[in-house]
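For reference, the chains in residue letters:
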Amino acid sequence: NHLGDGWQICTLSGSEKSHISELFEAVSQSFGYDYSTVPSAELLNGFKSHLEQRETGKTYALLIDDAEQLEEGALESVTQLAQLQNVNGRLLKVALFSNDALNHNPILENVSVREVVIEPLDSEQSQGYIEFCIEQGRYKFGQPPSTKLQQQIVKSAAGNPARIEEMLQGSSLPTRHWRGMLNWRVAVATLLLIFIGFGYLFFIENKSSGTASAPESDKLSHPQ
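Note that this is a predicted model, so its numbers are computed, not measured.

Calculation criteria
Residues numbered from 1 in each chain as written. Predicted model: local features only at pLDDT ≥ 70, side-chain atom pairs only at ≥ 80, totals over all residues. Heavy atoms only, no water. pLDDT = per-residue confidence, 0-100. Helix = DSSP H or I, 4+ residues; strand = E, 2+ residues; numbered from the N terminus. Contact = heavy atoms within 4.5 Å. Pairing = 2+ DSSP bridges. Axes fitted to C-alpha atoms, helices over the stretch in contact; angles between N-to-C directions. Core = buried A, V, L, I, M, F, W, Y, C linked by side-chain atoms within 4.5 Å. Buried < 20%, exposed > 50% of the residue type's maximum accessible area, 1.4 Å probe, protein only. Patch = residues over 30% accessible without salt bridge, like charges linked within 9 Å, V, L, I, M, F, W, Y side chains within 5 Å. Areas by Shrake-Rupley, 256 points an atom, 1.4 Å probe, with all protein chains shown as cover. Salt bridge = Lys/Arg side-chain N within 4 Å of Asp/Glu carboxyl O. Expected span 1.5 Å × (residues − 1). Arc of directions from axis to C-beta. Polar contact = N/O pair within 3.5 Å; in protein donor to acceptor, adjacent residues only side chain to side chain.

Interpretation of the predicted coordinates at a detailed level should be avoided for regions scoring low in pLDDT. Of all residues in the protein, 75% have pLDDT values of 70 or greater, and the mean over the chain is 79. Put simply, helix 7 (residues 175-208) is where the protein has its lowest mean pLDDT, 49, and helix 4 (residues 123-135) is where it has its highest, 94. The model gives residues 194-218 a pLDDT under 50, and that stretch makes 11 contacts with residues more than four places away or in other chains.

Written out as structure tokens, the structure is:
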């Protein structure tokens, strides 16, 4: 948001656009490149020409989160996009967000890469991020998560803001919270079984004592 109108940015997730065709389609749509009539062998050159002909003074950027999940073909295409240039320099700035796995990928060995290590959030920062998300209504509980659950999220997320978001959205919760929910469900199921079993035995007892009103033919035999 701080970059202003001089930048046009395409943001993607490697977990959602991991295949080369999905990736290129999303990038092309974001930058207004119609490749429907372009031969496969000319796609890259066509994209380069498209960026060169667009508004001058514009900076184009491609940001990919979860980049370690990109398939090899998709990652190789990204490196090719990053190397597109003319007399004025690079046409497309590329930033990949990933875990350490991407550092060991041989596809990036011969590519000029500037690495920036982002340290995980500490406990205080994690708590502050949780409070920010709560203020923004970015949680899926009936009410804001309790202080205890927030503390569990801080511990389980280990400083990863994406994990904090996932747990606040309910897609994954701390183990102890799930264990508590499971124990609650087990307790309810046990009570239901007790009541159902009691009703069944009570009914049998009434029948055996002769107090039931069911016809003689409906009574259970001893084996039953």
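Quick look at the sheet that holds strand 5 (residues 92-96) now. By way of backbone hydrogen bonds, the strands of a sheet pair with one another, either parallel or antiparallel. Sheet architecture is open: 3 strands sit in the order 1-2-5, paired in parallel fashion. At either end of the open sheet lies a strand with only one pairing partner, and these are strand 1 (7-13) and strand 5. For this sheet the average axis-to-axis angle between neighbouring strands, irrespective of direction, equals 15 degrees. Relative to strand 2 (residues 59-65), strand 1 is paired through 7 bridges, and the arrangement is parallel. Within strand 2, the residue paired with Trp 7 across the bridge is Thr 59. Helix 3 (residues 72-82) contacts strand 2 and strand 5 of the sheet and is inclined by roughly 140 degrees relative to strand 5.

Counting 24 residues, the largest nonpolar core has Leu 23, Val 27, Phe 31, Phe 47, Leu 62, Leu 70 and Leu 92 as its most contacted members. Elements with a minimum of two residues in this core: strand 1, helix 1 (20-30), helix 2 (43-53), strand 2 and helix 3. Leave out the neighbours within four places in its chain, and Leu 23 touches Leu 12, Lys 17, Ile 64, Leu 70, Ala 74 and Val 78.

Quick look at a nonpolar patch on the surface now. A grouping of Leu 3, Trp 7 and Ile 9 is seen on the molecular surface, where their side chains present a nonpolar patch of about 250 Å² in accessible area. In this fold, Leu 3 is placed in the segment before strand 1. A residue is classified by how much of its surface remains accessible, and Leu 3, at 46% relative accessible area, is partly exposed.

With that settled, the discussion passes to the pattern of salt bridges. As enumerated under the stated definition, the model contains 2 salt bridges in all. With a shortest N-O distance of 2.3 Å, Arg 138 and Glu 165 are connected by a salt bridge. Placement of the pair is Arg 138 in the loop between helix 4 and helix 5 (147-157) and Glu 165 in helix 6 (residues 161-168), with a sequence separation of 27 residues. Measuring nitrogen to oxygen at the nearest pair gives 3.3 Å for the salt bridge that ties Arg 163 to Glu 166. Taken together, the residues span about one helical turn, with Arg 163 and Glu 166 both in helix 6 at a distance of 3 residues. Its relative accessible area of 28% is what places Arg 163 among the partly exposed residues.

Our next topic: helix 4. The first and last C-alpha atoms of helix 4 sit 18 Å apart over 13 residues, in line with the 18 Å expected at 1.5 Å per residue. Every buried residue belonging to helix 4 is among Ser 126, Ile 130, Cys 133 and Ile 134, and all of these are buried. What you see down the axis of helix 4 is that its buried residues fit within an arc of 100 degrees, all on one side. The exposed set on the far side of helix 4, more than 90 degrees from its buried face, consists of Glu 124 and Glu 135. Where helix 4 is buried, its residues touch helix 5 and helix 6. The backbone nitrogen of Glu 124 lies 3.2 Å from a side-chain oxygen of the residue at the head of helix 4, namely Asp 122. Just beyond helix 4, the residue with positive phi is Gly 137, at close to 75 degrees.

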